[in-house]
Amino acid sequence: MVKRNNFTEDKNFFILNSMDDRVRIVDPKGKTVFINDVFKNASDKSLELKNYINENASFLMLQRNSTLSNTTMIEEKLIDDRYFSIKTSPIYNGDEFLGIIEVYRDITRESLMKIELFNNNRNMLDDVRFVKKIQSNILPKDNSYANLRLRSKYLPSDELSGDFFDIIKIDDNKYGIYIADIMGHGVKASIMTMFIKLTMNAILDKHPTFSPSEILFKLRDKFAKLGMESSQYFTAWLGVFDFSENKLTFSNAGHNCPPLLYSKSKEEVSFLLVSGRMISNIIEPDNYDEKMVKIEDGDRLLLFSDGAIEAKNEARKEYGLERLRDVYNREHDLEKTYKDIKKFTWGKQEDDLSLVEVEYKEI
């Protein structure tokens, strides 16, 4: 198949036979005038490769005689069930065009690894989307729950969120509501939100008379039994509405976003501040303090995660607690507050953002 001539018999071409890559040279007429030993041995064993060499030579010269004559080109081809990266470069002697040299590098292993990685990533993405759908569906819907009307905004920064909130019926006169912020994002954080939901429901079902501080202590005990690594932790704020006494009792487990309570009668907003340590295996809680406030018809409670107050503008200034309080004091409305945060924020959302508003109605 290959006719060697003076051009390819140049003593400098012996080095091409020592290469692991397949190499061939095509003259200006599109004729293959040299292939190295590796390429020759492969083409002798493969009719598909031999046909490709013959058919491709004329096409290459057609390209080279166009505006691409001074261009090195790289393409990938599947030949004889092997993937090759093919680099073609012109050969010149001064201004005289002598032909082209092609180097075929076998990249089958790398290509198969890329395909496998792509398929694995696609399968993982499908799994993440499935978990995300589950996570979104276990959040409480915007609705009325006895004396409470709930509205929310839930915006994960990534596919899976570390924010979670829920409202739980304890009995006909009591409802619990909480917001939790799990360290990190992704699958681990998402699974932890499900653990919190299941555990909180189980605690309140078995111990309906527990106070908020007792509930948080029990939640911490359940978390400790998981034997999680020391870097895993979460914060939570928990309140229990008692409709029979028109009161809200609350405790805090390290949640640095104290909810805002809007008093309709006083037309003012205040933070519901109470101390308590985050839920972690390395920090022992000495106490979860409790406080109680009276609530009236039309009062509103706004729970939020740090994604709201840590939103940044173009100058990298944070939205902040004070601005949130001022806006909610003026608007006392979830949607208008969220629009102000969105208007303030510049660039990509960096953290999960949750806003939960509960309006109290006397029935």
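All figures in this text were calculated on a predicted structure; none of them were measured in a lab.

**Side note on the side chain of Asp242**
Note that Asp242 resides in strand β10 (residues 233-242). Apart from the residues lying within four places of it in its own chain, the contact partners of Asp242 are Asn173, Lys174 and Lys247.

**Concerning the packing of helix α4 (residues 186-206) against helix α5 (residues 212-224)**
Remark: α4 packs on α5, axes separated minimally by 10 Å, with the N-to-C direction vectors making an angle of 130°. In terms of axis orientation, α4 runs oblique to α5. Handedness of the α4/α5 crossing: right-handed. Residues Met192, Phe195, Thr199, Met200, Ile203 and Leu204 of α4 touch α5, and the partners they reach there are Ile215, Lys218, Leu219, Lys222 and Phe223. When its residues are assigned to classes, the contact of α4 with α5 shows eight nonpolar, one polar and two charged.

**Focus: the pattern of salt bridges**
Inspection of every chain in the model, using the stated rule, returns 20 salt bridges. Put simply, Arg149 and Glu359 hold a salt bridge, and the shortest N to O gap is 3.1 Å. One end of the pair, Arg149, is in strand β7 (residues 148-155); the other, Glu359, is in strand β17 (residues 353-360), and 210 residues separate them in sequence. The class of Arg149 is partly exposed, set by a relative accessible area of 32%. One salt bridge connects Asp172 with Lys169, and the closest N-O pair in it is separated by 3.2 Å. Here the salt bridges do not stand alone but share partners, grouping Arg149, Arg151, Arg300, Asp333, Glu357, Glu359 and Lys361 into one network.

**Concerning the confidence of the model for the protein**
Confidence in the prediction of the protein, expressed as mean pLDDT, is 85, and 88% of residues score 70 or more. Within the protein, helix α2 (residues 47-64) has the poorest average pLDDT of any element, 63, and strand β16 (residues 300-304) the best, 98.

**A look at the sheet that holds β7**
The strand order across the open sheet formed by six strands is β6-β7-β17-β16-β12-β13, and the pairing between neighbours is antiparallel. Lying at the two open borders of the sheet, with one neighbouring strand each, are β6 (143-145) and β13 (268-271). Taken over all neighbouring pairs, the strand axes of this sheet differ in orientation by 25° on average, direction set aside. By the bridge criterion, eight bridges tie β7 to β17 in an arrangement that is antiparallel. The partner of Ser152 across the bridge, within β17, is Val356. Taken strand by strand, helix α7 (residues 321-331) contacts β12 (260-263), β13, β16 and β17, and its axis lies near 150° from that of β13.

**Let's talk about the sheet that holds strand β1 (residues 22-26)**
An order of β2-β1-β5-β4-β3 is seen for the five strands of this open sheet, with the pairing classed as antiparallel. Unpaired on one side and paired on the other, β2 (32-35) and β3 (73-79) mark the two borders of the sheet. Averaged over all pairs of adjacent strands, the angle between strand axes in this sheet comes to 25°, irrespective of strand direction. When β3 meets strand β4 (residues 82-93), the two strands line up antiparallel, connected through seven bridges. Across the sheet, the residue bridging to Ile79 is Arg82, located in β4. Lying on the sheet, helix α1 (residues 37-45) is in contact with β1, β2 and β5 (96-106); it crosses β1 at an angle near 95°.

Analysis parameters
Numbering of residues starts from 1 in every chain and runs along the sequence as written. Local features in this predicted model are restricted to residues of pLDDT 70 or higher, and side-chain atom pairs are both shown and tallied only at a pLDDT of 80 or more, whereas totals for entire chains, interfaces and linings draw on every residue. Only heavy atoms go into the side-chain values, all of them from the structure, while hydrogens and water stay out. Starting at the N terminus, helices and strands are each numbered in turn, a helix being any DSSP run of H or I of at least four residues and a strand any DSSP run of E of at least two. Contacts are assigned to residue pairs that have any heavy atoms within 4.5 Å of one another. Orientation is described by lines fitted to C-alpha atoms, with helices fitted over the stretch in contact, and by angles between N-to-C directions that extend from 0 to 180 degrees. The scheme is simple: roughly parallel for angles under 35 degrees, roughly antiparallel for over 145, roughly perpendicular for 65 to 115, oblique for anything else. The sense of a crossing depends on the near helix, which, turned anticlockwise from the far helix by less than a right angle, makes the crossing left-handed and, turned clockwise, makes it right-handed. Three categories are distinguished: nonpolar for Ala, Val, Leu, Ile, Met, Phe, Trp, Tyr, Cys and Pro, charged for Asp, Glu, Lys and Arg, and polar for the others, with Gly belonging to the last. A pairing counts as a salt bridge when a side-chain nitrogen of Lys or Arg comes within 4 Å of a carboxyl oxygen of Asp or Glu. Partly exposed describes any residue whose relative accessible area lies between the buried limit of under 20% and the exposed limit of over 50%, with all areas from a 1.4 Å probe on protein chains only and scaled to the type maximum. The predictor attaches a confidence to each residue, and that confidence, scored 0 to 100, is pLDDT. Pairing between strands requires that DSSP locate at least two bridges from one strand to the other.

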